[in-house]
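Chain by chain, the residues:
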Amino acid sequence: MTEKNKLIIQYIVLIFASVISVFPLVWMMIAATNRTVDIIAGKLTFGTQLVTNYNNLIANQDIFRGFMNSVKYSVIQTLVSILICSLAGYGFEVFHDKVKDALMALILMSMMIPFVALMIPLFRMFSSVGLLNSTLGFILPSLSTPFLIMLFRAAARSFPAEMIEAARIDGLNEFGIFFRMFIPTMRSTFAAALTVTFMNAWNNYIWPKVIMQDSKAQTLPMMISNLTSGYFTDYGALMLAVLITTLPTAVLFLALQKNFAEGITGAVK
Amino acid sequence: MKRKLLGMLLTVSMTATILAGCGGAAPAAGAGGADSSSPETQTSDTAGASAEDAKEADTQDASADTGSAGSGDSTLTVWTWDPNFNIYSITEAEKIYQKENPDFKLEIVETPWEDMQTNLGTILGSGNLSQLPDILLMQDFAFQKYAITYPDMFTDLTGSGIDFSKFGPGKLGESTVDGKNLGVPFDAGTEVACYRKDILEQAGYTVEDLTDIDWDKFIEIGKDVKAKTGYSLFSTQAGSADFIMQMIQSAGGKIWKDDGTPDFVGNEILVKSLETYKELFDTGVMDTGNSWDEYIATFTSGKTLGTINGCWIIASVQADETQSGLWSLTNMPKLSGISSATNYSNQGGSTWVITSNCKNVELASDFFAKTFAGSNELYDTILPGCAAISCWTPAASSSVYSEPIEFFGGEKIYSKIADFGAKVPAFERGVYFTEANTAIATAATNIVNGADIEKELEAAEETVNFNMGN
């Protein structure tokens, strides 16, 4: 087989894979501009119903409030979570000893406990201290995640020990090393962590659903669920809501795409 | 040194901002008082608090968290779903009740049924019933399950001033346990058959030919229509036994023995239903959709010329306004060779529940007594507003029910449905209805693919017994 043929086959496979991955997104956009009956019938061209769908959507759900709630919860959770987990991951690596390594293994093991198993005890705790319907109640269970700690620990491993030594000799204290050397060097890891945490917080559904018992505290994913609950589902409005919900994460991901790939593989700049 | 100080300051201010952000951010409206009071302090309190302390806190927070603290006892919290149907209906009821009780207010939290089950599971599982709302809406198929498993979550409404004698016995049975009324019946799921008149006419039939008939006759006509037009008469959703359950109910059948164990093997009505189901499938008179959306698509975009389901399906039938005037509505076919068979059944519907956590049961009962169980005005509003068919029998005599509906060629479909509804045989769903439904759905799929009915029913019975822990 010639080089050219190989390339052609490669391209065909890649184009095929791209179409499969991009199709749902394109379909979502198309559906947001069509009537429900056309969507169900499988229409694959853009329609003219975007404005109607939008009007139906805002008549049905307070989508702006949902958007603002989602932004608030997600941004706060992302910032606090990254601060805590990066400090923890850095600490576990740089100051590691036998006890801390064992503790780290324990934290990793907790990844295996499914969230639904923790839901009832968490709900008991949170309702007894009045944290229902609050931002703190939303973010607290997922502030520190084993995955993020692991990610930052791996990043700290590739952070040269000589640099830390040199900084110490120059008189920088440990927090100074973390904030002024580790963070700038590990920008890509932080970008990756930011993307993952923000997406998780943004898409978080089951926990908010359990603790946000006030309509005014509902997030976008909860509103999408509301849209599917009736005897009749307006797919046009639903798809528009899904599109609106997807946009912020898509924009964030595209903006940090380059860093994301580097961060996950643990590169040092 | 300066830089170090600056770094420290930045860190401290960042942390402070974040914490302040958390503290002030309790968006709860009704619950404002209890929730927004610096959650940080509350967390640190709990760290050292004993279990008893936490329990005490439970009761203190309860009234606040269910959403009505501070607004007095005349505000009730409601969990329900669907702004176009349930939420619309209870809001109209609120307006009617407010005429006499201006202080009365409902705080409605939109909660889809799937989510409500998660919420109820969490609340009931944690044993903290104080987090329940005052009122919630419950799907009829799940009512018995909750009523028998968690009797503590209901307020017994027998003798509460609500006149239950005005509800049809079939519907009332869904929310009655041991003679106690645990809910206020709301919408009905009376079985209707909707057909496209224009396509039937092409094959030389009218909707009258499909009215008051049995399935044998239906299949005969269906084969002819299929040969002439290519359309199936109706469709079902594959992998669900809802339709088979509707057939069983139409014949006054049952799926449970008196001792509560499954009654599948040798159940004449169930066997006949499955045989009919297989024949409908084999002859192509019935089409199937693999998902709910596909099922809806079969009749909205032209693979089948009709649908047979609970009357709420009308909302989906009417979605395409270009088909206005082409549809007609009638009753479902009955099982042949069964003496108790009727042309009437039910699929779905829901019932209002006043929970045991309701802080003003008297007010809530009075609200229902004067609206859903006593207001013609309410049903006259919500029928044209959202096609909510009443289970409250006096409503059916209202003039609104005999309005001609243009989409159905000027037929008085609502009085028809109300008439059907009064003839629906009662059906005992039991606690394990969902399990039975799933097991029979599996059996039905295998039977359609050629498996032996008796063997499949034995297997289904075994599965349900296993699920029940027998």
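Within every chain, residues take consecutive numbers counted from 1 along the sequence as written. Chains and ligands are labelled by the order in which they are written, letters from A for the one and numbers from 1 for the other. The predicted origin of the model limits local features to residues at a pLDDT of at least 70 and limits the giving and counting of side-chain atom pairs to 80 or more, whereas totals for whole chains, interfaces and linings rest on all residues.

Caption draft 1: Fine view of the overall build of chain B. Strands are runs of DSSP state E lasting at least 2 residues, helices are runs of H or I lasting at least 4, and numbering of each runs from the N terminus. Looking only at helices and strands, chain B features 19 helices and 11 strands. Whether a residue is buried, exposed or partly exposed is read from the other C-beta atoms within 10 Å of its own C-beta, which are placed from the backbone; 20 or more gives buried, 12 or fewer gives exposed, and intermediate counts give partly exposed. For chain B, the proportion of its 470 residues judged to be buried stands at 48%. What counts as a contact here is a pair of residues whose C-beta atoms, placed from the backbone, lie within 7 Å. The contacts of chain B with a sequence gap of at least 6 include a subset with a gap of at least 24, amounting to 75%.

Caption draft 2: Expanded view of the overall build of chain A. Each helix and strand counted, chain A has 14 helices and 0 strands in total. In chain A, the succession of α and β elements from N to C terminus is α-α-α-α-α-α-α-α-α-α-α-α-α-α. Along the first, second and third principal axes, the C-alpha atoms of chain A reach 70 × 70 × 30 Å. Within the span of chain A, comprising 269 residues, buried residues form 42% of the whole. The long-range fraction of contacts in chain A, counting pairs at least 24 apart against all pairs at least 6 apart in sequence, stands at 78%.

Caption draft 3: Here's a closer look at helix 15 (residues 361–370) of chain B. Buried residues of helix 15 of chain B: Leu363, Ala364, Ser365, Phe367 and Phe368 of chain B, and no others. In this structure, the buried side of helix 15 of chain B is in contact with strand 1 (75–80), helix 5 (86–100), strand 3 (135–139), strand 6 (184–196) and strand 11 (346–354) of chain B.

Caption draft 4: Representation of the confidence of the model for chain A. Across chain A, the average pLDDT comes to 90, with 97% of residues at 70 or higher. The predictor's confidence in any single residue is recorded as pLDDT, a number from 0 to 100. Here helix 2 (residues 36–41) of chain A stands out as the least confident element of chain A, with mean pLDDT 84; helix 4 (residues 63–94) of chain A is the most confident, with 94.

Caption draft 5: Structural view of the nonpolar core. Residues and elements named next belong to chain B. The term nonpolar core means buried Ala, Val, Leu, Ile, Met, Phe, Trp, Tyr and Cys residues held together as one set by C-beta atoms within 7 Å. Core analysis: the biggest nonpolar cluster contains 122 residues, and Val78, Ile135, Ile244, Phe372, Ile440 and Ala444 have the highest contact counts within it. In terms of residues, this core owes the most to one element, helix 18 (residues 433–448), which gives 8 residues. Counting contributing residues, this core receives three or more from each of domain 1 (75–188 + 348–402) and domain 2 (190–345 + 428–468). When near neighbours in sequence (up to four residues on either side) are disregarded, isoleucine 244 contacts Ser273, Leu274, Tyr277, Ile440 and Ala444. Domain start and end points were adopted from an automatic or database domain assignment.

Caption draft 6: Structural view of helix 6 (residues 113–126) of chain B. Take the residue count of a helix, subtract one, and multiply by 1.5 Å to get its expected span. In this model, helix 6 of chain B (14 residues) spans 20 Å end to end at C-alpha, consistent with the 20 Å of a helix rising 1.5 Å per residue. Among all positions of helix 6 of chain B, only Asp115, Met116, Asn119, Leu120, Thr122, Ile123 and Ser126 of chain B are buried. Summarising the axial view, the buried residues of helix 6 of chain B lie within an arc of 165°, below the 170-degree limit, and thus occupy one face. In this structure, the buried side of helix 6 of chain B is in contact with helix 6 (115–128), helix 12 (206–211) and helix 13 (220–227) of chain A together with strand 1 and strand 3 of chain B. It is the directions from the helix axis to the C-beta atoms whose arc is reported.

Caption draft 7: Seen up close, the domain arrangement of chain B. All names here are of chain B. Each assigned domain of chain B is listed here: domain 1 (75–188 + 348–402) and domain 2 (190–345 + 428–468). On a C-alpha basis, the centroid separation for the pair domain 1 and domain 2 is 29 Å. At the interface, 9 residues of domain 1 touch 10 residues of domain 2. With 5 residues, helix 7 (residues 140–149) is the single largest residue contributor to the side of domain 1 that touches domain 2. A per-class count over the side of domain 1 that touches domain 2 returns 5 nonpolar, 3 polar and 1 charged. In this classification, the charged set is Asp, Glu, Lys and Arg, the nonpolar set is Ala, Val, Leu, Ile, Met, Phe, Trp, Tyr, Cys and Pro, and all remaining amino acids, among them Gly, are polar.

Caption draft 8: Region of the structure containing the environment of aspartate 38 of chain A. Residues and elements named next belong to chain A. Inspection of the secondary structure puts aspartate 38 in helix 2. Since 21 C-beta atoms lie within 10 Å of it, aspartate 38 is described here as buried. Separated by 33 residues in the primary sequence, aspartate 38 and valine 71 place their C-alpha atoms 32 Å from one another. When neighbours within four sequence positions are excluded, aspartate 38 is seen to be in contact with Lys43 and Gly47.

Caption draft 9: Summary view of the environment of threonine 371 of chain B. All names here are of chain B. Looking at where threonine 371 falls in the secondary structure, it is placed in the loop between helix 15 and helix 16 (376–386). On the basis of neighbour counts, which here come to 23 C-beta atoms within 10 Å, the residue threonine 371 falls in the buried class. In this structure, the C-alpha to C-alpha distance between threonine 371 and tyrosine 97, residues 274 residues apart in sequence, is 6.9 Å. Each residue touching threonine 371, except ones within four places of it in the same chain, is listed here: Ala93, Ile96, Tyr97 and Leu378.

Caption draft 10: Quick peek at the packing of helix 6 of chain A against helix 6 of chain B. Where helix 6 of chain A meets helix 6 of chain B, the closest approach of the two axes is 9 Å, and the angle between their N-to-C directions is 70°. When the axis of helix 6 of chain A is compared with that of helix 6 of chain B, the two are roughly perpendicular. Classified by chirality, the crossing of helix 6 of chain B by helix 6 of chain A is right-handed. Two secondary-structure elements touch here, helix 6 of chain A through Met119, Ile120, Phe123 and Arg124 of chain A and helix 6 of chain B through Thr122, Gly125 and Ser126 of chain B. Angular values range over 0 to 180 degrees, each being the angle between N-to-C directions of two axes fitted as lines to C-alpha atoms, with helices fitted over their stretch in contact. Angles below 35 degrees are treated as roughly parallel, those above 145 as roughly antiparallel, those between 65 and 115 as roughly perpendicular, and all remaining angles as oblique. The hand of a helix crossing depends on one turn: near helix anticlockwise from the far one by less than a right angle means left-handed, and clockwise means right-handed.

Caption draft 11: Fine view of the environment of leucine 132 of chain A. Residues and elements named next belong to chain A. By the element assignment, leucine 132 lies in the loop between helix 6 and helix 7 (135–139). For leucine 132, a count of 28 C-beta atoms within 10 Å corresponds to the buried category. Each C-alpha atom of the pair leucine 132 and phenylalanine 260 lies 34 Å from the other, and the pair is 128 residues apart in sequence.

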